[in-house]
Amino acid sequence: MAAPRMAYDGVVATAPVTIPYRRYSTNSAHWWIGRAVRAVLQLAELKPADIDGLSVSSFTIGPDTAVGLTQHLGLSPRWLDHVPLGGASGFVGLRRAARAVQCGDAEFVVCVAGDTNHVDSFRRTLSTFSRFAQDAVYPYGSGGPNAGFALITRNYMKRYGATREDFGKICVAQRENALKFPYALMKKPLTLEDYLNARAISDPVHLFDCVMPCAGAEAFLVCREDRARSLGLKATRILATIERHNAFPDDPIQIRGGWAMDASELYAMAGIKASEVDFLETYDDYPVICMMQMEDLGFCAKGEGPDFVRANSFTTDGSFPHNTSGGQLSVGQAGAAGGYLGLVEAVRQLSGAALGAPVAGARIGLVAGFGMITYDRGLSSGAAVLARMDG
C-alpha cells in the first residue's frame, strides 16, 4: 500500500510571465528563456543571486541543457532540473520545485519553458523528436503530429460519436477568449463556418484543429507563501498535482490519458470535487485532446465528451470557462512553453492579474498537460489544482 502523499502546504506559485510570442524568430531559445527569467526577477523584485533553483523545459536549447543555461544566465543554483516532457513539463516542473522548496533544498525556484522558431526549426525538431520518429515515422513521410492526431481523432469520432461541429465549438470559444488576450497571435474572430470550411490537413484534422508553431517563453516562481507575502506578491496555492507516463499502453489507439488513472487522487489531495472547479485549462494541441481531458478529469464520463461540449459554453463568462487565454490553438505553440501556457494563465486568473477576460469569482482552477507524442498516443500527462491565496 502506497504511503499517503504530503500536501503542498505553505508553497505557492507566483510571478507569472509570458514573453510575447512571434511566429518566427532569429533569436535563440537561450534568448527567450533569459528574457523570461529576467522578467520573473523584475516582477518579484529579486536579484539573480536570490534564485537558488531553476527548472528548464525546451526543445531547441540543444546542445545545452539546464546546466548550460546557468552559465548563460549568470545563475548559481543549488537545485537544478531539466524537464524534457513537452506539454507535461510545466506540471512536472511545478511539483518537483514545490517539493524542493518545501524540503528546504531551494528558496526561490524559477520554472521556465521556451523555444525559438526559425523558418526550418519545427521540421528539424519533428525529424529527430524521438527514436520512434527517426526510425518508424519520419522516414515514411509522416508530416509530424498531424497524421497521428488524425488517427486519434478519427478513432474517437467513430467510437463516441463526436463530430467536427463539436470540435469546432471548442476552437471557436477559444478564439473568442483569445481576442481579449493581448499576446494571442490569432487576432481574427473565428466562426463555426470558418472552422468547418477550412482546408483539410490530414482528414479529419483541418486547419483550425492545429496549433501554429511559434517562438516564445513562459515562466513562474515557486516559493514559500510567507516569502511571497513579504515581497508583496500575489500568489496561488498548490492544492494537488499528478503526473503519469505511458498510461494504458494496451489501448491500440489512445482514447484516454494518464489523468484517468490519477484524477481521484488529484481531487482527494486537493480536498475538492470536480464540480467545485471554476475554470479548466487543458493542453490543446488538437481539440480531441481537450475533450479527452474533460472526460478523464471527471467532468463527464468516458465517451460523454461530445454531449458535454454540446451542453456547455466555454468562454470566460460561459457555463464552463475553458482555456481562458485562448489556448495554444489561438495563442500559438511556442514549443515546450505550450506546456506552461495554461499554468501561467491559471496563476494569473487566481491572483487577480488576468491579462484577458477574468473568470468572475474564480477561486479554484484545474490545469492539465499532455506531451511526448509518438504516432498513436502521447506518453506524458499531468495536472494541477490551484487555488486563490486568501488575504
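In this text the structure is predicted, and so the values were computed from the model without any measurement.

Criteria and thresholds
- Residues numbered from 1 in each chain as written.
- Predicted model: local features only at pLDDT ≥ 70, side-chain atom pairs only at ≥ 80, totals over all residues.
- Heavy atoms only, no water.
- Helix = DSSP H or I, 4+ residues; strand = E, 2+ residues; numbered from the N terminus.
- Buried < 20%, exposed > 50% of the residue type's maximum accessible area, 1.4 Å probe, protein only.
- Contact = heavy atoms within 4.5 Å.
- Areas by Shrake-Rupley, 256 points an atom, 1.4 Å probe, with all protein chains shown as cover.
- Lys, Arg positive; Asp, Glu negative; His and termini not counted.
- Charge placed at Lys NZ, Arg CZ, Asp CG, Glu CD.
- Pairing = 2+ DSSP bridges.
- Axes fitted to C-alpha atoms, helices over the stretch in contact; angles between N-to-C directions.
- Polar contact = N/O pair within 3.5 Å; in protein donor to acceptor, adjacent residues only side chain to side chain.
- Right-handed = clockwise from strand over helix to strand, strands pointing away.
- Domains from an automatic or database assignment.
- Buried area = accessible area lost by both parts, 1.4 Å probe.
- Salt bridge = Lys/Arg side-chain N within 4 Å of Asp/Glu carboxyl O.
- Patch = residues over 30% accessible without salt bridge, like charges linked within 9 Å, V, L, I, M, F, W, Y side chains within 5 Å.
- Phe/Tyr/Trp six-rings, centres within 6.5 Å; stacked < 30°, edge-to-face > 60°.
- Lys NZ or Arg CZ within 6 Å of the ring centre and 35° of its normal.

Caption draft 1: Structural view of the overall build of the chain. Per the secondary structure count, the chain includes 14 helices and 11 strands. The principal-axis extents of the C-alpha atoms in the chain amount to approximately 55 × 50 × 45 Å. Here the chain holds 391 residues, and the buried ones make up 59% of them. Partitioning the intrachain contacts of the chain with sequence separation of at least 6 by distance along the chain shows that 77% fall at a separation of at least 24. A total of about 15,300 Å² of accessible surface is found on the chain, and carbon and sulfur atoms cover 53% of it. Taken together, the 37 basic and 39 acidic charged side chains of the chain have centroids lying 3 Å from each other.

Caption draft 2: Region of interest: the sheet that holds strand E11 (residues 378-388). Read from one edge to the other, the open sheet built from nine strands follows the order E3-E2-E4-E7-E1-E8-E11-E10-E9, with strand pairing classed as mixed. Unpaired on one side and paired on the other, strand E3 (79-82) and strand E9 (279-281) mark the two borders of the sheet. Strand-to-strand, the axes of this sheet are offset by a mean angle of 20°, without reference to chain direction. As paired strands, strand E2 (residues 53-57) and strand E4 (residues 109-115) are joined by five bridges and run parallel to one another. Directly across from Leu54, in E4, lies its bridge partner Val110. In this fold helix H10 (residues 259-270) packs onto strand E8 (235-245), strand E10 (364-373) and E11, with an angle of close to 155° to the strand it touches most, E8.

Caption draft 3: Inspection of the environment of Asp284 at higher detail. The residue Asp284 is located in the loop between E9 and helix H11 (287-296) in this model. Overall, the relative accessible area of 1% leaves Asp284 in the buried class. Sequence separation of Asp284 and Ser380 is 96 residues, and the distance between their C-alpha atoms is 14 Å. Among residues more than four places away in sequence, those in contact with Asp284 are Gln174, Val211, Cys290, Asn323, Gly326, Gly327, Gln328 and Leu329. A distance of 3.0 Å separates a polar side-chain atom of Asp284 from the backbone nitrogen of Leu329.

Caption draft 4: Here's a closer look at the pairing of E11. Burial of E11 is extensive: nine of the 11 residues sit out of reach of the surface. Pairing of E8 with E11 involves nine bridges; the strand directions are antiparallel. Among the inter-strand pairings, Arg237 is bridged to a residue of E11, identified as Ala387. Connecting the antiparallel pair E10 and E11 is a turn made up of four residues.

Caption draft 5: Looking closely at helix H14 (residues 338-350). The buried count for H14 comes to 13 of 13 residues, which makes it a mostly enclosed element. One or two positions beyond H14, positive phi appears at Gly352, with a value near 70°.

Caption draft 6: Examining the pairing of E3 more closely. Of the two faces of E3, the one holding Trp79 and Asp81 is buried and the one holding Leu80 and His82 is not buried anywhere. Here E2 runs beside E3; their pairing, made up of four bridges, is parallel. Opposite Ser55, over in E3, you have Asp81 as the bridge partner. In this fold, E2 hands off to helix H2 (residues 66-73), which returns the chain to E3; that crossover is right-handed.

Caption draft 7: Geometry of the domain arrangement of the chain. Taken domain by domain, the chain consists of domain 1 (11-120 + 215-230) and domain 2 (130-211 + 236-388). Centre-to-centre separation of domain 1 and domain 2, based on C-alpha positions: 23 Å. On the side of domain 2, 36 residues touch domain 1, which itself brings 40 residues to the contact. Summed over both sides, the interface between domain 1 and domain 2 buries roughly 2,900 Å², with carbon and sulfur atoms accounting for 70% of that surface. Taken together, the connections running from domain 1 to domain 2 amount to one salt bridge. Taking the shortest distance from any N to any O, the salt bridge between Arg95 and Glu243 comes out at 2.7 Å. Where domain 1 packs against domain 2, one counts seven residue pairs in polar contact (both at pLDDT 80 or more).

Caption draft 8: Main features of a nonpolar patch on the surface. On the surface, Phe132, Leu151 and Tyr375 cluster together to form a nonpolar patch covering roughly 230 Å² of accessible area. On the secondary structure map, Tyr375 appears in the loop between E10 and E11. Among the residues examined, Tyr375 registers a relative accessible area of 31% and is labelled partly exposed.

Caption draft 9: Just the packing of aromatic side chains, in detail. Going through the model one piece at a time under the given rule, you end up with 11 aromatic pairs. Seen in terms of ring centroids, Trp259 and Phe370 are 5.7 Å apart; in terms of plane orientation they differ by 35°. Their pairing is tilted. With Trp259 in helix H10 and Phe370 in strand E10, this pair connects stretches of sequence that are 111 residues apart. Note on Phe370: relative accessible area 1%, which makes it buried. Both rings, one in Phe308 and one in Phe320, keep their centres 5.0 Å apart while their planes meet at 85°; by these two values the pair is edge-to-face. Placement of Phe308 in helix H12 (residues 305-311) and of Phe320 in the loop between H12 and helix H13 (327-331) is noted, with a sequence separation of 12 residues between them. Each of the two residues, Phe308 as well as Phe320, counts as buried. Members of the aromatic cluster, connected to one another through ring pairs, are Phe149, Trp259, Tyr286 and Phe370. Arg99 extends its terminal NZ or CZ atom over the ring of Tyr8, reaching a point 3.9 Å from the ring centre. We note Arg256 situated over the ring of Phe248; from NZ or CZ to the ring centre the distance is 3.7 Å.

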